[in-house]
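For reference, the chains in residue letters:
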Amino acid sequence: MSQNLTIDDIWKLFQETNRLFQESELKAQAAQARMEHDLQETRRLLQEADAKAQARQARMEHDLQESRAETERKSQETDKKIKEVTALVGRLGGRWGEFVEGLVAPACETLFAQRGIPIHQVSP
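Residues numbered from 1 in each chain as written. Predicted model: local features only at pLDDT ≥ 70, side-chain atom pairs only at ≥ 80, totals over all residues. Heavy atoms only, no water.

Visitor: Go over the overall build of the protein chain with me, naming the residues and quoting the values.
Guide: The helix and strand inventory of the protein chain stands at one helix and zero strands. Its C-alpha radius of gyration of 51 Å places the protein chain more than 25% over the 14 Å reference for a compact globule of 124 residues. Structurally, the protein chain occupies a C-alpha span of about 160 × 30 × 10 Å along its principal axes. For the protein chain, the exposed area adds up to about 11700 Å²; of that, 59% sits on carbon and sulfur atoms. Side-chain charges in the protein chain split into 18 positive and 21 negative, and the spacing between the mean points of these groups amounts to 7 Å. (Helix = DSSP H or I, 4+ residues; strand = E, 2+ residues; numbered from the N terminus. Rg over C-alpha atoms; globule rule 2.2 N^0.38 Å. Areas by Shrake-Rupley, 256 points an atom, 1.4 Å probe, with all protein chains shown as cover. Lys, Arg positive; Asp, Glu negative; His and termini not counted. Charge placed at Lys NZ, Arg CZ, Asp CG, Glu CD.)

Rendered as structure tokens:
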């Protein structure tokens, strides 16, 4: 079964091969275009994600700075209140001493006199 090929048959085969090559080239170009588009979209999405991450980082740093400032402010308020309480306790201690002196001084003369110790003068 030998088949005789004519020039027309060969020409048709070349034409069909050429058509298939062109079709493959178009498919390859379309695939390349889709790949380029996908790559650009991926880059865009990565840039958006990066921008969001940078914005989130900036917000976190800002919040941290605000938190530190608030902590410092509260620490200063606490220091101020401690100083006020210390001053009040100091004054109270002084007043307490005066109170005790007020109770003891009048009784001293009586207590010393009962024991036979003469008192000529009393000073706080």
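Visitor: Account for the pattern of salt bridges, with residues named and values stated.
Guide: In this structure the tally under the stated criterion is eight salt bridges. The shortest N-O distance in the salt bridge between glutamate 23 and arginine 19 comes to 2.9 Å. In this pair, glutamate 23 and arginine 19 are both assigned in helix 1 (residues 7–114), four residues apart and thus about one turn of the helix distant. With relative accessibility at 34%, the residue glutamate 23 sits in the partly exposed group. Across the pair glutamate 23 and lysine 27 runs a salt bridge, and its minimum N-O distance is 3.8 Å. With glutamate 23 and lysine 27 both in helix 1 and four residues apart, this pair spans about one turn of that helix. Note on lysine 27: relative accessible area 54%, which makes it exposed. Linked by salt bridges that have partners in common, Glu16, Arg19, Glu23 and Lys27 make up one network. (Salt bridge = Lys/Arg side-chain N within 4 Å of Asp/Glu carboxyl O. Buried < 20%, exposed > 50% of the residue type's maximum accessible area, 1.4 Å probe, protein only.)

Visitor: So what about helix 1? Which residues, and what values?
Guide: With 108 residues, helix 1 extends 155 Å between its outermost C-alpha atoms, agreeing within 8% with the 160 Å of an ideal straight helix rising 1.5 Å per residue. Along its length, helix 1 shows its largest kink, about 35°, at alanine 107. Immediately beyond the C-terminal end of helix 1, within one or two residues, lies glycine 116, with a positive phi of roughly 80°. (Expected span 1.5 Å × (residues − 1). Bend = angle between axes of the 7 residues up to and from the residue.)

Visitor: Quick rundown of a nonpolar patch on the surface? Include the residues and the values.
Guide: Taken together, the side chains of Trp96, Phe99, Val100, Leu103 and Val104 define a hydrophobic patch exposed on the protein surface, amounting to about 500 Å² of accessible area. By secondary structure assignment, the location of leucine 103 is in helix 1. (Patch = residues over 30% accessible without salt bridge, like charges linked within 9 Å, V, L, I, M, F, W, Y side chains within 5 Å.)

Visitor: Can you break down the environment of glutamate 77 residue by residue, with the values?
Guide: Locating glutamate 77 in the fold gives a position in helix 1. Counting along the chain gives 15 residues from glutamate 77 to leucine 92, while the straight-line C-alpha distance between them is 22 Å.

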